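Next come the chains, spelled out residue by residue.
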Amino acid sequence: MDYVISAPPVVAVPVAGGGMFPVRRIFCVGKNYADHVKEMGGDAKADPPVFFTKPADAVVACGAEPGRIPYPPGTSNLHYEGELVVALGAGGRQLKDRHAAGALIFGQAAGCDLTRRDLQAAAKKAGGPWDAAKAFDASAPIGLIGRIADYPPARFDGARLVTCVNDDVRQDAGLTEMIWTVPEILIALSMLFELKAGDLVFTGTPAGVGPVAPGDRVEVGIGELPALKFAIMEPA
Ligand code: MN
């Protein structure tokens, strides 16, 4: 191709057991655990889950070695949000049922939806977009992706999502506490967007979000999936 500048690289996340998963788009669900809606000052019954996106190159792939996330500019209240991430191996639109939704899933991973909480609060107050609060550089650290064949969803029935900062437990919730289940999220997304292979879906965070500072170590564990580990560094 006769590109006039060098083409951006493909963003990819390593898969447990080998191989790389190329990322197309990142969809995120907000307000998907009632206790988190409450801690943010909302009402889960009145505030249905919402969607927003991050750019693919917000991903920081964190494998066996902990990732390094520079403290982003423009905020003094960076928050972690531990989340289950679903990686799609096939696409679809207007999915009819949970079987059609489940058939799209390649694997799952532990992720973190890093958030400039101060900018998000200002955007909510002003009725403005969330992009600067959510879609900044390095805002989507993610652990190794576990293939569905190796980590079948049935084994996640009793799984808990646990986020630790410097080894202190900050979030601890069952995945069954999600307001919208994974298939329900994919069905709802597919009514608004054409889903394609390479899409990642961050499925929302439970209660217990809070700030992190340079020097902090964050770990997100979800059932048997490879844990996500990263450290917050001084600003780049
Ligand atoms: Mn989130």
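Up top is the structure.
Not measured: the values here are computed from a predicted model.

Asker: Can you tell me about the overall build of the protein chain, naming the residues and giving the values?
Answerer: Secondary structure summary: the protein chain contains 5 helices and 18 strands in total. Dimensions of the protein chain, computed from C-alpha atoms along their principal axes, come out at roughly 50 × 40 × 35 Å. Within the span of the protein chain, comprising 236 residues, buried residues form 48% of the whole. Within the protein chain, counting contacts between residues at least 6 apart in sequence, those at least 24 apart form 76% of the total. For the protein chain, the accessible surface area stands at approximately 11100 Å², while carbon and sulfur atoms represent 55% of it. Each charge class in the protein chain was averaged separately, 22 positive and 27 negative side chains, and the resulting centres sit 4 Å apart.

Asker: Run through the layout of surface pockets, naming residues and quoting values.
Answerer: Its boundaries defined by the atoms lining it, the largest pocket holds a volume of some 490 Å³. What lines the largest pocket is a set of 16 residues, among which Arg 98, Pro 153, Thr 181, Val 182 and Pro 183 lie closest to the centre. Counting residues per element, the lining of the largest pocket draws most heavily on helix α2 (residues 98–102), at 3 residues. Taken together, the residues of the lining of the largest pocket break down into 9 nonpolar, 5 polar and 2 charged.

Asker: An account of the coordination of the manganese ion is requested, with residue identities and associated values reported.
Answerer: Note on the manganese ion: its protein donors are Glu 81 (OE), Glu 83 (OE) and Asp 113 (OD). The metal-donor distances range over 2.0 to 2.1 Å. All donors to the manganese ion come from one chain, and their sequence spacing reads E-x1-E-x29-D. Residue Glu 81 is located in the loop between β7 (78–80) and β8 (82–88), and its partner Asp 113 is located in the loop between β9 (105–112) and β10 (115–116); the two are separated by 32 residues in the primary sequence. Since its relative accessible area comes to 4%, Glu 81 is described here as buried. Residue Asp 113 is classed as buried on the basis of its relative accessible area of 0%.

Asker: Pulling in residues and values, what's your account of the nonpolar core?
Answerer: If you look at the biggest cluster of nonpolar residues, it comprises 43 residues, and the most contacted ones within it are Leu 175, Leu 186, Ile 222 and Phe 230. Elements represented by at least two residues in this core include exactly β3 (26–30), β7, β8, β9, β13 (160–165), α5 (182–190), β17 (217–222) and β18 (228–233). Take this core: its biggest share by element is 4 residues, from α5. Not counting residues up to four positions away in its chain, the partners in contact with Leu 186 are Leu 88, Leu 95, Ala 101, Ile 105, Leu 195 and Val 201. Core analysis: the second largest hydrophobic core is formed by 21 residues, Ala 58, Ala 87, Ile 142 and Ile 145 among them.

Asker: Explain the sheet that holds strand β16 (residues 210–211) residue by residue, including any values.
Answerer: If you trace the 3 strands from one edge of the open sheet to the other, you get β10-β7-β16, paired in antiparallel fashion. The open sheet has two edge strands with one neighbour each: β10 and β16.

Asker: Can you explain the pattern of salt bridges? Please cite residues and give values.
Answerer: This model, assessed by the stated rule, comprises 8 salt bridges. One salt bridge connects Arg 155 with Glu 224, and the closest N-O pair in it is separated by 2.6 Å. Taken together, the positions of Arg 155 in the loop between β12 (146–147) and β13 and Glu 224 in the loop between β17 and β18 put the pair 69 residues apart, joining distant regions of the chain. A salt bridge links Asp 172 to Arg 160; the nearest nitrogen and oxygen atoms lie 2.6 Å apart. Residue Asp 172 is located in strand β14 (residues 168–174), and its partner Arg 160 is located in strand β13; the two are separated by 12 residues in the primary sequence. By relative accessible area, which is 43% here, Asp 172 ends up partly exposed. Judged by relative accessible area, which is 41%, Arg 160 ranks as partly exposed.

Asker: Could you give an account of the environment of Val 10, naming the residues involved and the relevant values?
Answerer: Here Val 10 shows up in the segment before β1 (12–14). Each C-alpha atom, one on Val 10 and one on Val 220, is 25 Å from the other, the two residues being 210 residues apart in sequence.

Asker: So what's going on with the side chain of His 79? Residues and values would help.
Answerer: Looking at the element boundaries, His 79 is found in strand β7. Given the relative accessible area of 10%, His 79 is considered buried. Contacts of His 79, omitting those with residues within four sequence positions, involve Asp 113, Leu 114, Thr 115, Arg 117, Val 209, Gly 210 and Pro 211.

Thresholds, definitions, all that
Residues numbered from 1 in each chain as written. Predicted model: local features only at pLDDT ≥ 70, side-chain atom pairs only at ≥ 80, totals over all residues. Heavy atoms only, no water. Helix = DSSP H or I, 4+ residues; strand = E, 2+ residues; numbered from the N terminus. Buried < 20%, exposed > 50% of the residue type's maximum accessible area, 1.4 Å probe, protein only. Contact = heavy atoms within 4.5 Å. Areas by Shrake-Rupley, 256 points an atom, 1.4 Å probe, with all protein chains shown as cover. Lys, Arg positive; Asp, Glu negative; His and termini not counted. Charge placed at Lys NZ, Arg CZ, Asp CG, Glu CD. 1 Å grid on protein atoms, 1.4 Å probe; cavity = no way out; pocket = protein on both sides within 12 Å on 5 of 7 lines; lining within 4 Å. Points joined across faces, edges and corners; volume = space filled by probe spheres on them. Nonpolar A, V, L, I, M, F, W, Y, C, P; charged D, E, K, R; others polar. Donors = N, O, S within 2.8 Å, 3.2 Å for Na, K, Ca; no water. Core = buried A, V, L, I, M, F, W, Y, C linked by side-chain atoms within 4.5 Å. Pairing = 2+ DSSP bridges. Salt bridge = Lys/Arg side-chain N within 4 Å of Asp/Glu carboxyl O.

Worth remembering: the numbers are spatial, not functional.
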